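So you can see what is in the structure, the chains are spelled out below.
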Amino acid sequence: MPILTSPPSESALVAEQFDDIEQQRDAAKLGMWIFLASEVLFFGGLFLSYTIYRFTYGHVFMETSRRLDVVLGGTNTAVLLVSSLLMAFAVRAAQLDQRRALVRLLLGTALLGCVFMSIKMVEYHKDYVEHLVPGTHFEWTGADPSNAELFFWIYFAMTGLHAIHVTVGIGVLLVLALLASRGKFSGGNYNAIEIGGLYWHFVDVVWVFLFPLLYLVGHR
Amino acid sequence: MEKVVDPRIYVRTCAALLVLLGLTWATAYVDLGPFNLIVALAIAITKALIIALFFMHIKGSSRLLHLAAVAGLMWLLILVSLTLSDYFTRGWVPLNH
């Protein structure tokens, strides 16, 4: 005889410091937004150094930026935007308690994250082969090689930090998909999905700024 | 229960973002002088706003969340404006050594 399990009652899902599930959800979202504010400042420092060096060595930045692959960078922007769409649908599936759709959408979002990382790795490899990675391997035939190298320091620091965030995001999505397949988020207990979604969309926002500022600077 | 959003809104949001991506890509190849940077930043800020409003549900969430989101930007503004006010005003006053 199969064991019948009823969905857990709402009171079982609410931690004792909260009045109800609504308040618990609001607290989780507020905490995530505060974390995202600290992330804004984390990336903000890098954007600030980019701004200073861009104004100081504008002409060098235009020349160096032209060496980046716009097609790969632009494709990756589209990949992340579509992955955000899937993530938004995943949160919706969680709200409607559609378990199978939720698992599939989370896996689809993670897959697009993997596509992004694969394209990024192809790009990094291309940069390495073309001697654009800063350090002893770096070669620059144009004017002002040390400031050209500076651009690539900033490029690798910013895209590298972003790539770490995408990698963490993929891990979070896979764990969420596993938990979702076990029915952990049923009965209105989908805080983790919503918060994971906020993180994923934030990573998307960072790339929305990185793409024009790094790839599109020198093409006019 | 939270309000569940019409899926068509998400599809339209994503379509708008992809159109803006095409727009920023295309304008990068047109010489607008200093306006290239301004246009690129304006489009990026618009895209970020669209993502925050519709994908991150800032639209329709509580005032407290709006405040937390804006607070992050305020601190970023302080970071940028104070640092740039230093960098861009260096050398205005000659130092006597």
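Bear in mind the structure is a predicted one, so any value in this text is a computation, not a measurement.

Peer 1: Before we move on, can you summarise the overall build of chain A with the specific residues and values?
Peer 2: Secondary structure summary: chain A contains seven helices and zero strands in total. Starting at the N terminus and ending at the C terminus, chain A contains elements arranged as α-α-α-α-α-α-α. Overall, chain A is about 75 × 35 × 30 Å in size when its C-alpha atoms are taken along their principal axes. Of all 220 residues assigned to chain A, the portion counted as buried reaches 37%. Residue pairs in contact within chain A that sit at least 24 positions apart in sequence constitute 77% of those at least 6 positions apart.

Peer 1: Let's hear about the overall build of chain B: which residues, and what values?
Peer 2: Secondary structure summary: chain B contains three helices and zero strands in total. Each helix and strand of chain B, placed in order from N terminus to C terminus, yields the pattern α-α-α. On C-alpha atoms alone, chain B measures out to a radius of gyration of 19 Å, which is more than a quarter above the 13 Å that the 2.2 N^0.38 rule sets for 97 residues. By its C-alpha atoms, chain B is 70 × 40 × 10 Å across when sized along the principal axes. Residues classed as buried in chain B amount to 20% of the 97 residues present.

Peer 1: Give me the lowdown on the packing of helix H1 (residues 7–27) of chain B against helix H2 (residues 35–55) of chain B, citing residues and values where you can.
Peer 2: All names here are of chain B. At a minimum axis separation of 10 Å, H1 and H2 run at an interaxial angle of 170 degrees. Put simply, H1 runs roughly antiparallel to H2. Judged by residue contacts, Ile-9, Tyr-10, Thr-13, Ala-16, Leu-17, Leu-20, Leu-23, Thr-24 and Thr-27 of H1 engage Val-39, Ala-40, Ile-43, Thr-46, Lys-47, Ile-50, Phe-54 and Phe-55 from H2. Residue composition of the contact of H1 with H2, grouped by class: 12 nonpolar, four polar and one charged.

Peer 1: How would you summarise the domain arrangement of chain B if you had to cite specific residues and measurements?
Peer 2: Split by domain assignment, chain B resolves into domain 1 (1–59) and domain 2 (62–90). The centre of domain 1 of chain B, based on its C-alpha atoms, is set 21 Å off from the matching centre of domain 2 of chain B.

Peer 1: An account of the nonpolar core is requested, with residue identities and associated values reported.
Peer 2: Soluble, globular proteins show a tendency: their nonpolar side chains are buried together. Core analysis: the largest hydrophobic core is formed by 72 residues, its most contacted members being Phe-89, Ala-90, Ala-94, Leu-102, Leu-106 and Val-206 of chain A. When contributions to this core are tallied by element, the ones reaching two or more residues are helix H2 (21–56), helix H3 (58–65), helix H4 (70–95), helix H5 (99–129), helix H6 (145–181) and helix H7 (191–215) of chain A together with H1 and H2 of chain B. Take this core: its biggest share by element is 16 residues, from H7 of chain A.

Peer 1: Pulling in residues and values, what's your account of unusual backbone geometry?
Peer 2: All names here are of chain A. With a phi close to 60 degrees, Asp-97 is a non-glycine residue in the positive phi region. Relative to the assigned elements, Asp-97 resides in the loop between H4 and H5. On the neighbour-count criterion, Asp-97 (16 C-beta atoms within 10 Å) is partly exposed.

Peer 1: How would you explain the interface of chain A and chain B if you had to name every residue and give the values?
Peer 2: Chain A puts 34 residues into the contact, and the matching count from chain B is 37 residues. When contributions to the side of chain A that touches chain B are tallied by element, the ones reaching two or more residues are H2, H4 and H7 of chain A. No other element matches the 12 residues that H2 of chain A contributes to the side of chain A that touches chain B. Taken together, the residues of the side of chain A that touches chain B break down into 22 nonpolar, seven polar and five charged.

Peer 1: Quick one: what's the story with H3 of chain A, residue by residue and with numbers?
Peer 2: All names here are of chain A. The complete set of buried residues in H3 reads Val-60, Phe-61, Thr-64 and Ser-65. All buried residues of H3 project into a common sector of 125 degrees when viewed along the axis, lining one side. Seen from the open side of H3, the exposed residues pointing more than 90 degrees away from its buried face are Gly-58 and His-59. Close packing links the buried residues of H3 with H2, H6 and H7.

Peer 1: Would you mind going over the packing of H6 of chain A against H7 of chain A in detail, with residue names and values included?
Peer 2: Residues and elements named next belong to chain A. Two elements in contact, H6 and H7, have axes separated by 10 Å at closest approach and are oriented at 155 degrees. Taken together, the axes of H6 and H7 lie roughly antiparallel to each other. The two elements H6 and H7 meet at a crossing, and its hand is left-handed. Listed contacts from H7 to Tyr-155, Met-158, Thr-159, His-162, His-165, Val-166, Gly-169, Val-172, Leu-173 and Leu-176 of H6 are Ala-192, Ile-193, Gly-196, Tyr-199, Trp-200, Val-203, Val-206, Trp-207, Leu-210 and Leu-214. For the contact of H6 with H7, the residue count by class is 15 nonpolar, five polar and no charged.

Peer 1: How would you sum up H2 of chain B? Please name residues and give values.
Peer 2: The end-to-end C-alpha separation of H2 of chain B is 29 Å, in line with the 30 Å expected for 21 residues at 1.5 Å each. By the burial criterion, the buried members of H2 of chain B are Asn-36, Ala-40, Ala-44, Lys-47, Ala-48, Ile-51, Phe-54 and Phe-55 of chain B. For H2 of chain B, the angular spread of buried residues about the axis comes to 160 degrees, placing them on one side. Exposed positions of H2 of chain B whose direction lies more than 90 degrees from the buried face are Phe-35, Ile-38, Ile-45 and Leu-49 of chain B. Among the structural elements, H4 and H7 of chain A together with H1 of chain B are those in contact with the buried residues of H2 of chain B.

About the thresholds
Throughout this document, residue positions are counted from 1 along each chain, in the order its sequence is written. Chain letters start at A and ligand numbers start at 1, both assigned in the order the entries are written. Confidence filtering applies because this is a predicted model: local features only for residues at pLDDT of at least 70, side-chain atom pairs given and counted only at 80 or more, and all residues used for totals across whole chains, interfaces and linings. Secondary structure counts use DSSP, requiring at least four H or I residues in a row for a helix and at least two E residues in a row for a strand, with both numbered from the N terminus. The exposure label follows from counting other C-beta atoms within 10 Å of a residue's C-beta, where the C-beta atoms are placed from the backbone and the thresholds are 20 or more for buried and 12 or fewer for exposed, leaving partly exposed in between. What counts as a contact here is a pair of residues whose C-beta atoms, placed from the backbone, lie within 7 Å. Here the globule rule is a power law, 2.2 Å times the number of residues to the power 0.38, and the radius of gyration is based on C-alpha atoms. Every axis in this analysis is a line fitted to C-alpha atoms, fitted for helices over the stretch in contact. Angles between the N-to-C directions lie between 0 and 180 degrees. For classification purposes, angles smaller than 35 degrees are called roughly parallel, those larger than 145 roughly antiparallel, those between 65 and 115 roughly perpendicular, and all remaining angles oblique. Polarity classes work like this: nonpolar for Ala, Val, Leu, Ile, Met, Phe, Trp, Tyr, Cys and Pro, charged for Asp, Glu, Lys and Arg, and polar for all others, with Gly in that last group. The start and end points of each domain follow an automatic or database-based domain assignment. One nonpolar core equals one set of buried Ala, Val, Leu, Ile, Met, Phe, Trp, Tyr and Cys residues connected by C-beta atoms within 7 Å. Of all possible arcs, the one meant is that of the directions from the helix axis to the C-beta atoms. Handedness of a crossing follows from how the near helix is turned relative to the far one, being left-handed for an anticlockwise turn of less than a right angle and right-handed for a clockwise one. Expected span, for any helix, means 1.5 Å times one less than how many residues it has.

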